[in-house]
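Listed below, chain by chain, are the residues.
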Amino acid sequence: MSHVPYPRPCGDFRTTYAEDASLYKTRPAFRAAVAITLLAALMPIISWTMPAVVSTAMISNLIQIGILAIAALGLNVLVGFTGQISLGHAAFFGFGAFSSAYLVNNFSVPVLLAIPAAGIVTALVGFLFGLPAARLKGLYLAIATLAAQFILEDFFARATWFTEGYGVTADRPVLAGLSLADDRWFYYVVLFWVIISFIGVSNLRRSRDGRAFVAVRDHYLSAEIMGINLTKYRVLSFGVSSFFAGLAGALYGHFLGFVSVEAFTILLSIQFLAMIIIGGLGSVTGSLLGAAFIFMLPPTMQSFASSLAEIFPAMQQGVAYVKEMAIGLAIILFLILEPEGLIHLWRRIRASWKLFPFSH
Amino acid sequence: MTQPERMLEVEGVSLRFGGVRALNNVSFHVERGELFSIIGPNGAGKTSLLNCISGRYRPNEGSIRFRGEQLLGRSINDRARLGIGRTFQNLALFGHMSVLDNILVGRHHLLKNNVITGMLYWASGARREELAHRKRVEEIIDFLEIQHVRNEPAGTLSYGLRKRVELARAVAIEPELILLDEPMAGMNLEEKEDMARYIVDLGQEFNMTIVMIEHDMGVVVDLSDRVIVLDFGKLIAGGTPEEVMADEHVKRAYLGEEDELLHDEEAEAMPSKQPEGVGA
Ligand SMILES: Nc1ncnc2c1ncn2[C@@H]1O[C@H](COP(=O)(O)OP(=O)(O)OP(=O)(O)O)[C@@H](O)[C@H]1O
Ligand SMILES: [Mg+2]
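Worth saying up front: this structure is predicted, and the values here are computed from it rather than measured.

Draft legend 1. Summary view of the overall build of chain A. What chain A contains, in helices and strands, is 15 helices and four strands. Its C-alpha radius of gyration of 22 Å places chain A within 12% of the 21 Å reference for a compact globule of 360 residues. On the principal axes, the C-alpha backbone points of chain A span a range of 70 × 55 × 50 Å. Residues classed as buried in chain A amount to 49% of the 360 residues present. Long-range pairs, those at least 24 residues apart, make up 74% of the contacts in chain A between residues at least 6 apart in sequence. Accessible area of chain A: about 16,900 Å², with a carbon and sulfur share of 70%. With 22 positive and 17 negative side-chain charges, chain A shows a spacing of 12 Å between the two charge centroids.

Draft legend 2. Quick look at the overall build of chain B. Tallying secondary structure elements over chain B gives 11 helices and 10 strands in all. Looking at chain B alone, contacts between residues at least 24 apart form 67% of all its contacts between residues at least 6 apart. Counting only carbon and sulfur atoms, one obtains 49% of the accessible surface of chain B, whose full area is about 11,500 Å².

Draft legend 3. Main features of helix H14 (residues 319-337) of chain A. All names here are of chain A. Between its terminal C-alpha atoms H14 stretches 26 Å, which fits the 27 Å expected from 19 residues at 1.5 Å a residue. Buried residues of H14: Val319, Lys323, Ala326, Ile327, Ala330 and Phe334, and no others. Take H14 and look down its axis: the buried residues cluster within an arc of 100°, on one side only. In H14, the exposed positions angled more than 90 degrees off the buried face are occupied by Tyr321, Met325, Leu329 and Ile336.

Draft legend 4. Main features of the layout of surface pockets. Considered as a void within the structure, the second largest pocket measures approximately 580 Å³ in volume. Around the second largest pocket, the lining comprises 23 residues; the ones closest to its centre are Phe243(A), Phe244(A), Val115(B), Ile116(B) and Met119(B). Where the lining of the second largest pocket is concerned, the elements lending two or more residues are helix H5 (111-133), helix H8 (183-205) and helix H11 (230-256) of chain A together with helix H4 (115-120) of chain B. Top contributing element to the lining of the second largest pocket by residue count: H8(A), with seven residues.

Draft legend 5. Quick look at the pattern of salt bridges. Residue and element names in this part refer to chain B. Enumeration over the complete set of coordinates arrives at 26 salt bridges over all chains. Of the charged contacts, one joins glutamate 31 and arginine 6 as a salt bridge, the two residues approaching to 3.2 Å between their closest N and O atoms. Separated by 25 residues along the polypeptide, glutamate 31 in the loop between strand S2 (20-30) and strand S3 (35-39) and arginine 6 in the segment before strand S1 (8-17) bring together distant segments of the chain. Looking at arginine 6, the relative accessible area reads 32%, which means it is partly exposed. With a shortest N-O distance of 2.7 Å, glutamate 174 and arginine 107 are connected by a salt bridge. Within this pair, whereas glutamate 174 is found in the loop between helix H6 (159-172) and strand S7 (177-181), its partner arginine 107 is found in the loop between helix H3 (99-105) and H4, the two being separated by 67 residues in sequence. Residue classification places glutamate 174 among the partly exposed residues on the basis of a relative accessible area of 32%.

Draft legend 6. Structural detail: the coordination of the magnesium ion (ligand 2). All names here are of chain B. The coordination sphere of the magnesium ion (ligand 2), as far as protein atoms go, consists of Thr47 (OG1) and Gln89 (OE1), spread over 1.9 to 2.1 Å. One end of the pair, threonine 47, is in helix H1 (residues 46-54); the other, glutamine 89, is in the loop between strand S6 (84-86) and H3, with 42 residues separating them in the sequence. Glutamine 89 carries the same exposure label as threonine 47, and that label is buried.

Draft legend 7. Layout of the packing of H5(A) against helix H6 (residues 138-158) of chain A. Residue and element names in this part refer to chain A. For the pair H5 and H6, interaxial distance at closest approach is 10 Å and the crossing angle is 145°. The handedness of the crossing between H5 and H6 comes out as right-handed. Touching Val125, Phe129 and Ala133 of H5 are Leu141, Ala148, Ile151 and Leu152, all from H6. Of the residues belonging to the contact of H5 with H6, the class tally is seven nonpolar, no polar and no charged.

Draft legend 8. Spatial organisation of the interface of chain A and chain B. Tallying the contact residues gives 43 residues for chain A and 49 residues for chain B. With both sides pooled, the region where chain A packs onto chain B buries about 3,900 Å², and carbon together with sulfur makes up 59% of that total. Our enumeration of links across chain A and chain B arrives at three salt bridges. For Asp101(B), the salt bridge is made with Arg205(A), and the minimal N-O distance between the two is 3.5 Å. Elements supplying a minimum of two residues to the side of chain A that touches chain B: helix H1 (17-20), H8, helix H9 (208-218), helix H10 (220-225) and H11 of chain A. Sort the elements by how many residues they give to the side of chain A that touches chain B and H9(A) lands first, with nine residues. Of the residues in the side of chain A that touches chain B, the class split is 24 nonpolar, nine polar and 10 charged.

Analysis parameters
- Residues numbered from 1 in each chain as written.
- Chains lettered and ligands numbered in written order.
- Predicted model: local features only at pLDDT ≥ 70, side-chain atom pairs only at ≥ 80, totals over all residues.
- Heavy atoms only, no water.
- Helix = DSSP H or I, 4+ residues; strand = E, 2+ residues; numbered from the N terminus.
- Rg over C-alpha atoms; globule rule 2.2 N^0.38 Å.
- Buried < 20%, exposed > 50% of the residue type's maximum accessible area, 1.4 Å probe, protein only.
- Contact = heavy atoms within 4.5 Å.
- Areas by Shrake-Rupley, 256 points an atom, 1.4 Å probe, with all protein chains shown as cover.
- Lys, Arg positive; Asp, Glu negative; His and termini not counted.
- Charge placed at Lys NZ, Arg CZ, Asp CG, Glu CD.
- Expected span 1.5 Å × (residues − 1).
- Arc of directions from axis to C-beta.
- 1 Å grid on protein atoms, 1.4 Å probe; cavity = no way out; pocket = protein on both sides within 12 Å on 5 of 7 lines; lining within 4 Å.
- Points joined across faces, edges and corners; volume = space filled by probe spheres on them.
- Salt bridge = Lys/Arg side-chain N within 4 Å of Asp/Glu carboxyl O.
- Donors = N, O, S within 2.8 Å, 3.2 Å for Na, K, Ca; no water.
- Axes fitted to C-alpha atoms, helices over the stretch in contact; angles between N-to-C directions.
- Left-handed = near helix turned anticlockwise from the far one by under 90°.
- Nonpolar A, V, L, I, M, F, W, Y, C, P; charged D, E, K, R; others polar.
- Buried area = accessible area lost by both parts, 1.4 Å probe.

Given below as structure tokens:
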């Protein structure tokens, strides 16, 4: 056996176990993450001072990407970490939205408290649906979660005490008498939860139960021998994923101002799945990238189709059609060219930047 | 630690798969600190026996005691906490996890942090706990000489290295009893010598009791304190390696002495070294 020390990539100077376990394996990666977070925190300030640079529409888009990213992150714990599947994520997202509105409207719970509380309530519902699901695998599990989707949708339509049968209003938060109704203030509420969620799940991934999730996915027979209770971890994974779905749904409700019983269909569940597949299964950062991609794709393709129509006036009739085709095509092309997701693309780009211009 | 009780007592264990009698009234015991080998031709029921001990299979009859305590009826995920670790005949690593993470999974039952404290990491003390255990894991990594691949995804390693990582993962459980299913199958001579050294050290430095299935007779004779021989699910001989090698039944059934051949099946039952058969 050769004992040549494994050559690390250039620029990798870890020397202690603690560094080894740190969230960012290299200094530049850590600095990049901090820089991006700071930039994100500056957006509303730029929007206030220079609205021409950062429009309110952009702020609204960023809010929605952030919210979708939290939900996608939750789904990634279930699908990417634990290797299960859920076609019902949107229903849990919706449950969070209604729970938060319910707590605020009926018990005068402050919105800022109702949002995480909705996450906890949704996690409990997730455990409930996860209990039977934990015994199923593959297609059977997919069908069971599909049932959860329809059961909850039906519940939204029928439980008038909870949803009025069509929908309920959801106020924007107030902090110390100060209204956070302006999108630019609400942006900070979302940013706060995005940061908390992403750091939380990154930490999970490098601690006991996060590893247990991945072990269950990779080889459940040997996971069991290592002392991991399969049922417990499969149910737990549903709970964690539902928590983030509920948290994100609550944010979404208060963002829209009105929670409609029709907003949380299977289509949205599939979009959440698309986000994590395109972003990168099991990747924390990928959840954010995938959410941004899926959210931005339709408007991007809309303007693409419109500008095409300007060049070729004959296309005028078919703009909507071209847009839908372009979305489908973009996703398919993406999956062919970068099957491991946006995160993989991002890592490659970063690798070529690292130590520029001296990298090898 | 109480010394007197036996590490493992297997009594009258029978296991059937439909018409196949994988194990037929097998009884033996393993003393604390022993290096105990199970040999026998392909399909003799060796892996099935290990699976009964580790809980994968439930015997139709018999009892299996570990340190005096009945194992049958206890769940598989209890084994690690009780002090039993194992490796698999067909590799069973967590392919997408790094070598380090694979071995850390072995610490699962020793770690206390959970989903919530894990997410809080710095604030909950999970970090301190993780790093403390990582220190022990690094010792195991050094012992098995896999430092150079510690951050590689386990699924990308060579066969011999994967076998070693699997051993490291089982050692990380800190078991009192470790079950090894053909730890040297498919290895070249040099890798086998390394592996033999690790196994001896498991007993001498880590104070583990070892139950090992192995086809390589040289290794079995050199390393084992005691050996049992299975053939068609039956225990046909047991004792020191020398006693077993001299046993007439073993010669006939296992080594297949040509002039004494009674059945063609016995010729086919010659030991082969490729890892095959129904894995765990
Ligand atoms: N899960 C199972 N279902 C059906 N039959 C099984 C199962 N597991 C083992 N068997 C049968 O039990 C017998 C013993 O198999 P086992 O894998 O224990 O043999 P082994 O001694 O480990 O052989 P090898 O040296 O090839 O690994 C074989 O006939 C095998 O086909
Ligand atoms: Mg076997």
